[in-house]
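Inside the fold
One-letter residues, chain by chain:
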Amino acid sequence: MNPRPADEAAIEAAAAELAAGRLVAFPTETVYGLGGDAASAEAVAAIYRLKGRPADHPLIVHVSGAEQARKWARWNDAAQRLAEAFWPGPLTLILERQAEAPGWACGGQATIGLRSPSHPVARALLAAFERLGGSGVAAPSANRFGRVSPTRASHVIDDLGDEAPLVLDGGACGVGVESTIVDLSRGRPVLLRPGGLDAARIEAVLGVPLGAADAAAPRASGTLEAHYAPRTPLELVPAGVIAARLGELAARGIRAVVWSRSRPGRGEAAWEPAEAGSEAYARALYDTLRRLDRAGFDRILIERPPDGGDWAAVADRLRRAAVGAPARD
Ligand code: TXA
Ligand code: MG
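What counts, and at which threshold
- Residues numbered from 1 in each chain as written.
- Chains lettered and ligands numbered in written order.
- Predicted model: local features only at pLDDT ≥ 70, side-chain atom pairs only at ≥ 80, totals over all residues.
- Heavy atoms only, no water.
- Domains from an automatic or database assignment.
- Buried area = accessible area lost by both parts, 1.4 Å probe.
- Salt bridge = Lys/Arg side-chain N within 4 Å of Asp/Glu carboxyl O.
- Helix = DSSP H or I, 4+ residues; strand = E, 2+ residues; numbered from the N terminus.
- Expected span 1.5 Å × (residues − 1).
- Buried < 20%, exposed > 50% of the residue type's maximum accessible area, 1.4 Å probe, protein only.
- Arc of directions from axis to C-beta.
- Pairing = 2+ DSSP bridges.
- Axes fitted to C-alpha atoms, helices over the stretch in contact; angles between N-to-C directions.
- Contact = heavy atoms within 4.5 Å.
- Core = buried A, V, L, I, M, F, W, Y, C linked by side-chain atoms within 4.5 Å.
- Bend = angle between axes of the 7 residues up to and from the residue.
- Left-handed = near helix turned anticlockwise from the far one by under 90°.
- Polar contact = N/O pair within 3.5 Å; in protein donor to acceptor, adjacent residues only side chain to side chain.

**Topic: the domain arrangement of the protein**
In terms of domain boundaries, the protein breaks down into domain 1 (4-212) and domain 2 (234-324). Here domain 1 packs against domain 2, burying approximately 1,300 Å² in sum over the two surfaces, 50% of which is carbon and sulfur. Of all residues in domain 1, Val148, Val177 and Pro194 bury the most surface against domain 2, accounting for 36% of the area lost on that side. Linking domain 1 to domain 2 there are four salt bridges. Of the charged contacts, one joins Arg152 and Asp287 as a salt bridge, the two residues approaching to 3.3 Å between their closest N and O atoms.

**Quick look at helix H1 (residues 8-19)**
Spanning twelve residues, H1 covers 17 Å between terminal C-alpha atoms, matching the ideal 16 Å at 1.5 Å per step. Along H1, the residues that are buried comprise Ala10, Ile11, Ala14, Ala15 and Leu18. Along the long axis of H1, the arc covered by the buried residues comes to 140°, so they all point the same way. At the exit of H1 stands Gly21, carrying a positive phi of roughly 85°.

**Structural notes on the sheet that holds strand S12 (residues 234-237)**
A sheet is described by the order of its strands in space; here four strands give the open sequence S12-S15-S13-S14, paired in parallel fashion. The open sheet terminates on both sides in strands that have one partner only, identified here as S12 and strand S14 (270-273). Pairwise comparison of adjacent strand axes, ignoring direction, gives a mean angle of 20° for this sheet. Pairing between S12 and strand S15 (residues 299-303): four bridges, direction parallel. In the sheet register, Glu235 faces S15, and the bridge partner there is Leu301. Seen against the sheet, helix H8 (residues 242-251) touches S12, strand S13 (256-260) and S15 and runs at an angle of roughly 170° to S15. Sheet strands in contact with helix H10 (residues 312-324) are S12 and S15, and its direction is about 135° off that of S12.

**Some details on the nonpolar core**
If you look at the biggest cluster of nonpolar residues, it comprises 47 residues, and the most contacted ones within it are Trp87, Leu91, Leu93, Leu114 and Ile202. When residues of this core are assigned to their parent elements, the largest contribution, six residues, is made by helix H2 (residues 41-51). Discounting chain neighbours no more than four positions away, the residues touching Leu114 are Ile60, Val61, Val63, Ala69, Trp72, Ala73, Trp87, Leu91, Thr92, Leu93 and Leu95. Grouped together as the second largest cluster of nonpolar side chains are 25 residues, Leu234, Val257, Ala274 and Ala322 included.

**Details of helix H9 (residues 278-294)**
End to end, H9 covers 24 Å across 17 residues, agreeing with the expected 24 Å (1.5 Å per residue, within 8%). Of all the bends in H9, the greatest, near 45°, is centred on Leu285. For H9, every residue scored as buried is listed here: Ser278, Tyr281, Ala282, Ala284, Leu285, Tyr286, Asp287, Thr288, Leu289, Arg290 and Leu292. Where H9 is buried, its residues touch helix H6 (153-160), S12, S13, S14, S15 and H10. Gly296 sits one or two positions beyond H9 and adopts a positive phi of about 85°.

**Observations concerning the pattern of salt bridges**
For the coordinates displayed, the defined rule picks out 21 salt bridges. A salt bridge links Arg290 to Asp159; the nearest nitrogen and oxygen atoms lie 3.1 Å apart. Of this pair, Arg290 sits in helix H9 while Asp159 sits in helix H6; the two residues are 131 residues apart in sequence, bridging distant segments of the chain. Of the charged contacts in the structure, one is a salt bridge between Glu303 and Arg261, with a shortest N-O distance of 2.5 Å. In this pair, Glu303 sits in strand S15 while Arg261 sits in the loop between S13 and S14, placing the two residues 42 residues apart along the sequence. Salt bridges linked by common partners bring Glu178, Asp316, Arg317, Arg319 and Arg320 together as one network.

**A few points about the sheet that holds strand S3 (residues 32-37)**
The mixed open sheet is built from eleven strands, whose spatial order is S1-S8-S2-S3-S7-S4-S6-S5-S9-S10-S11. The open sheet has two edge strands, strand S1 (4-5) and strand S11 (211-212), and neither has a second partner. Bridging between S1 and strand S8 (residues 166-169) involves two bridges; their strand directions are parallel. The partner of Arg4 across the bridge, within S8, is Leu168.

**Observations concerning the packing of H9 against H10**
Their axes nearest at 9 Å, the elements H9 and H10 cross at an angle of 30°. The handedness of the crossing between H9 and H10 is left-handed. Contacts from Ser278, Tyr281, Ala282, Leu285 and Tyr286 of H9 reach H10 at Val314, Arg317 and Leu318.

**Examining the side chain of Ser116**
Among the structural elements, Ser116 can be located in the loop between strand S6 (111-115) and helix H5 (120-131). In this structure Ser116 comes out as buried when scored by relative accessible area, which is 1%. In terms of polar contacts, Ser116 uses its side chain to reach the backbone carbonyl oxygen of Val63, at 3.2 Å. Within the structure, Ser116 has its side chain in polar contact with the side chain of Arg123 (distance 3.3 Å). When sequence neighbours within four positions are dropped, the list of residues in contact with Ser116 reads Val63, Ser64, Gly65, Trp87, Pro88, Gly89 and Arg123.

Take a look at the structure:
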């Protein structure tokens, strides 16, 4: 049976899969991950193959905590403070890789991304894998490259089909967008990807503002302009002009569905109510995008969310989805 409810026996079976060099999809508090033994070149290669991801895009290595992270990375003071404050949780730290740590999960880079997830199933899986001698699980989001990340076990099956490995079903992810990524490898801390942890909380702990990613920042697929994209063309529209845009599209026979906080002026339009708060919105985001994508419309219109603050991750993902699913008119 796949997906398999993530009870104790299923988690033990999944850890045994990892120890044997095979892949497992598992829930984290952010999104579902496609995991493999980070110390196994074959397992890491299988992740890239299944995801269709370019080999130079590094993976995040998931660990149970700071102690395991130190085996992989040169730990520093900022990492210690952030890990104490936010691990386990939706924060990925980019650090210099330990010279003796295998580099295949890192896309050939001298740095490594590390995260300690808080989801109880992810934690139990990491603990069981450690009991079998493992020390880190490399896991990108369990979707095909460039597409919308999975926040339910069924999304993983929808994406990977018959090729899906054992999928542990831990229900819907509580955060719903990927982890925040902070680069601590180059002196001044830099925000590489806004995510489930508000950047302001990181700045409060570090006592300095996070820099913005520049040309020298490491490549990150989650930071490509066109990413997280549905197949249906998607537009971000300010609330005040949704009704007018619907009118233009209807006049040209283009059938649109709207995701917005209040019902669009054209009452007959297909409408999905949007969550008012950023946390609830983030939790619903990928499932809603997948549902609207499958609903058979020609166009998805989404009310432009507030930018910045606790909306930064949602605004970022929606912007990339719109770039990746362009409306050619
Ligand atoms: O919430 C998450 O982070 C989820 C769950 C499964 O943990 N994972 C996730 O992985 O979003 P993925 O592979 O879809 O995105 C990982 C991002 C990519 O943008 C990757 O390039 C970046 O992390 N990354 C990983 N290692 C890096 C490194 N050494 N330097 C720079 N970026 C790195
Ligand atoms: Mg991803």
